[in-house]
Amino acid sequence: MVPLKRRKVSWTGGASTSDSRDDASKFPQVVLFLLERKMGTSRRIFLTELGRKKGFRVDEVFTENVTHVISEKNSGDEVRGWLSSQGHGSTPAHLVDISWLTESLSAGCPAHILQRHRLTERQTSSRDEAAAFSMPVYACQRRTTLDHRNAVFTEALSLLAENAELSEDGGRAVAFRRAAATLKAFPEQVTDARQLRGCPCLGRHSLGVIQDILENGTSREVEATRRSERFQALKLLTGIFGVGTKTAAQWFREGIRNLPQLLQSGCALNGAQRAGVAHYDDLTQDVTKAEADVVGRIVEEAVGAELPGARVVLVGGFRRGKPSGHDVDFLITHPQEGREEGLIPKVVARLEARDFLLYHKSSRNSYAEANVAPARPARPARPASSMDHFERCLSIWKVPTPEPHSHRDDAAPRRGECRRWRAARVDLVVCPFSQFAFALLGWTGSKLFERELRRWAAHRKDMSLSSHALYDNKQREFLPAATEEEIFAHLALEYVPPSERNA
Ligand code: CTP
Ligand code: MN
Ligand code: MN
């Protein structure tokens, strides 16, 4: 199977050519660029389309060709700050207010630039404010390391995001996640909400939480949520391997709040959930890097024995440099495409023979059936889907520990004897070699970074990114890549290494 349409694409490391629309332009000496900050994505897209309909050339990416930078509710300093952050601080382009565009659109031709159209300068008082102005909107345009200065705020916002996820309010959850990501990337410790003026993705709600913490040391909403019975019960129940938000909500409605109540309730549990309950204590303890490395050596040995020459890469949070995580993720491939097919059942059999597996559920590759890999150059059916179709194994392992593993048994001596292992979650994913770069990028995370990459691809580049491929909707072709760097280049993004994808 050759899953990708292999077509040579000519690109020169950027989006410059695909954004040129001079052919459609009635006013060749005018090139517009709409600044998204404060305007928002949907309004920018709407105005872009309207402008183009009226015969204006509107570019998606700022280049030296741009003659008019149009923004809304920004001061001249703010726009200049953004331009500098993109390396275009000295552009001769006019910086004009949205009113210039609306007047031009209704006149059907570029309006004369009057004084009231020009952006007024505003004194920036602090260094922090200047820093904020240059923060790009999408998390995949930023570098987010593990250490940052605003943990009190990011933890509070993450808790609200988690609560929204548990309540299946995806939109609100993403808004809180984005707000937290903005603070993770903020270069200074926030001591005054005014520092955040002009920062992207901070809505009224998130700013209110930040303000509350600044004034009172804590946020009432966050503390009330943390204490709420519903949040605590849903967190505990979804903490069981195999239990999602829907099941947990159903159990909550039935009055179940904790493990003993769940077991007494007589609720039918599936195999994954039974394993999740049996190993609950271990699985709620983070896996350390040292434990991940032990698992890594065992996986390499098993994979190497079944398929010599295969590559095993530690992905997920550990690839981003995290010292611990809720599981261990591995991506496996082989340079000879096709050799990797059916590897999982063989590796699982080998691991079972050595008694490493407490639970596993494997699935084969379903990319061909998934209606996302068209034989003809059609667009993938579900462009922004985050689910992939690789051969995989979700498992719970007995991870050998150097010392008899006793600290949990001391607390709950139900297992009696000391054991030399701990239970830990392990994900094994197998991908065809031609999709390796996409799978590597997709499985390195963080989840928000991935989401932002796909959103950037869709909204800014008219492309569909998945863990399998990158598809250019305009050119109607797949853009192959052998490395993550090439994918960033296709997307006209600066390369961000794994350790800086901790958004
Ligand atoms: N992922 C995915 N498809 C899945 C599960 C996960 O593409 N069905 C991706 C996620 O988007 C993430 C990466 O695989 O980028 C790792 O997922 P996960 O293990 O859940 O998160 P980590 O970032 O590794 O966090 P932790 O360290 O807590 O495990
Ligand atoms: Mn992980
Ligand atoms: Mn995982």
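Cut-offs and rules
Residues numbered from 1 in each chain as written. Chains lettered and ligands numbered in written order. Predicted model: local features only at pLDDT ≥ 70, side-chain atom pairs only at ≥ 80, totals over all residues. Heavy atoms only, no water. Helix = DSSP H or I, 4+ residues; strand = E, 2+ residues; numbered from the N terminus. Buried < 20%, exposed > 50% of the residue type's maximum accessible area, 1.4 Å probe, protein only. Contact = heavy atoms within 4.5 Å. Areas by Shrake-Rupley, 256 points an atom, 1.4 Å probe, with all protein chains shown as cover. Donors = N, O, S within 2.8 Å, 3.2 Å for Na, K, Ca; no water. Pairing = 2+ DSSP bridges. Polar contact = N/O pair within 3.5 Å; in protein donor to acceptor, adjacent residues only side chain to side chain. Near = heavy atom within 4 Å. Nonpolar A, V, L, I, M, F, W, Y, C, P; charged D, E, K, R; others polar. Domains from an automatic or database assignment. pLDDT = per-residue confidence, 0-100. Core = buried A, V, L, I, M, F, W, Y, C linked by side-chain atoms within 4.5 Å.

Draft legend 1. Region of the structure containing the overall build of the chain. Looking only at helices and strands, one finds 20 helices and 14 strands in the chain. Residues classed as buried in the chain amount to 49% of the 503 residues present. Expressed as a percentage of contacts within the chain between residues at least 6 apart in sequence, the contacts between residues at least 24 apart total 72%. Looking at the chain as shown, the accessible area adds up to about 23700 Å², and 50% of this sits on carbon and sulfur atoms.

Draft legend 2. Highlighting the coordination of the manganese ion (ligand 2). For the manganese ion (ligand 2), the full set of protein donor atoms is Asp327 (OD) and Asp329 (OD), and the range of their distances to it is 2.0 to 2.1 Å. The distance between the manganese ion (ligand 2) and the manganese ion (ligand 3) comes to 3.6 Å, and Asp327 binds to both of them. As far as burial versus exposure is concerned, Asp327 and Asp329 are alike and both buried.

Draft legend 3. Molecular detail of the sheet that holds strand 14 (residues 477-478). Strand order across the open sheet formed by three strands is 12-13-14, with antiparallel pairing between neighbours. The outermost strands of the open sheet, each flanked by one partner alone, are strand 12 (463-465) and strand 14. As judged from the two bridges shared by strand 13 (residues 470-472) and strand 14, these two strands associate in the antiparallel manner. Looking at the pairing, Tyr471 lines up with Phe478 of strand 14.

Draft legend 4. Main features of the coordination of the manganese ion (ligand 3). Within the first shell, the manganese ion (ligand 3) binds the protein through Asp327 (OD), Asp329 (OD) and Asp427 (OD), at distances of 2.1 to 2.4 Å. Within one chain, the residues serving as donors to the manganese ion (ligand 3) are arranged as D-x1-D-x97-D.

Draft legend 5. Region of interest: the environment of Thr333. Along the chain, Thr333 turns up in strand 8 (residues 328-333). Through-space distance from the C-alpha of Thr333 to that of Val303 is 9.9 Å; in sequence the pair is 30 residues apart. Polar contacts involving the side chain of Thr333 include one to the main-chain carbonyl oxygen of Cys431, which spans 2.8 Å. At 3.4 Å, the side chain of Thr333 forms a polar contact with the backbone nitrogen of Phe433.

Draft legend 6. A look at the environment of Gln232. Within the fold, Gln232 resides in helix 9 (residues 229-238). Among the residues examined, Gln232 registers a relative accessible area of 45% and is labelled partly exposed. Between the C-alpha atom of Gln232 and that of Asn163, which follows or precedes it by 69 residues, the distance is 9.5 Å. Once residues lying within four places of it in the same chain are set aside, the contact partners of Gln232 are Arg226 and Arg227.

Draft legend 7. Region of interest: the site of ligand 1. Residues in contact with ligand 1 amount to 16 residues; listed here are only the nearest, Gly317, Lys322, His326, Asp327 and Lys447. One of the side-chain N or O atoms of Lys322 is found 2.8 Å from an oxygen atom in ligand 1. Asp329 places a polar side-chain atom, nitrogen or oxygen, 3.0 Å from an oxygen atom of ligand 1. With the chains in place, 82% of the 590 Å² that ligand 1 exposes on its own is no longer accessible. For the shell around ligand 1, the secondary-structure elements that each account for two or more residues are helix 15 (316-319), helix 18 (436-444) and helix 19 (447-461). The element that contributes the greatest number of residues to the shell around ligand 1 is helix 18, accounting for three residues. Residues that form the shell around ligand 1 fall into these classes: one nonpolar, seven polar and eight charged. Composition of the shell around ligand 1 by domain shows at least three residues from each of domain 4 (287-367 + 385-433) and domain 5 (444-500).

Draft legend 8. Up close: the confidence of the model for the chain. Of all residues in the chain, 87% attain a pLDDT of 70 or more, and the chain-wide mean is 89. Residue range residues 128-132 is modelled with pLDDT below 50. Its contacts to residues more than four positions away, or to other chains, number 13 contacts. Contacts for the low-pLDDT stretch residues 374-378, under 50 throughout, to residues beyond four places or in other chains number five contacts.

Draft legend 9. Here's a closer look at the nonpolar core. Within the largest apolar cluster, 37 residues are counted, with the highest numbers of intra-cluster contacts made by Leu157, Leu196, Ile240, Trp251 and Leu262. Residue assignment for this core shows that the elements contributing at least two residues are helix 5 (151-166), helix 6 (170-185), helix 7 (204-216), helix 9, helix 10 (245-253) and helix 11 (259-265). The element best represented in this core is helix 5, accounting for seven residues. Formed jointly, this core draws a minimum of three residues from each of two domains, domain 2 (139-226) and domain 3 (228-278). With 28 residues, the next largest nonpolar core counts Val295, Ile344, Val347 and Val426 among its residues.

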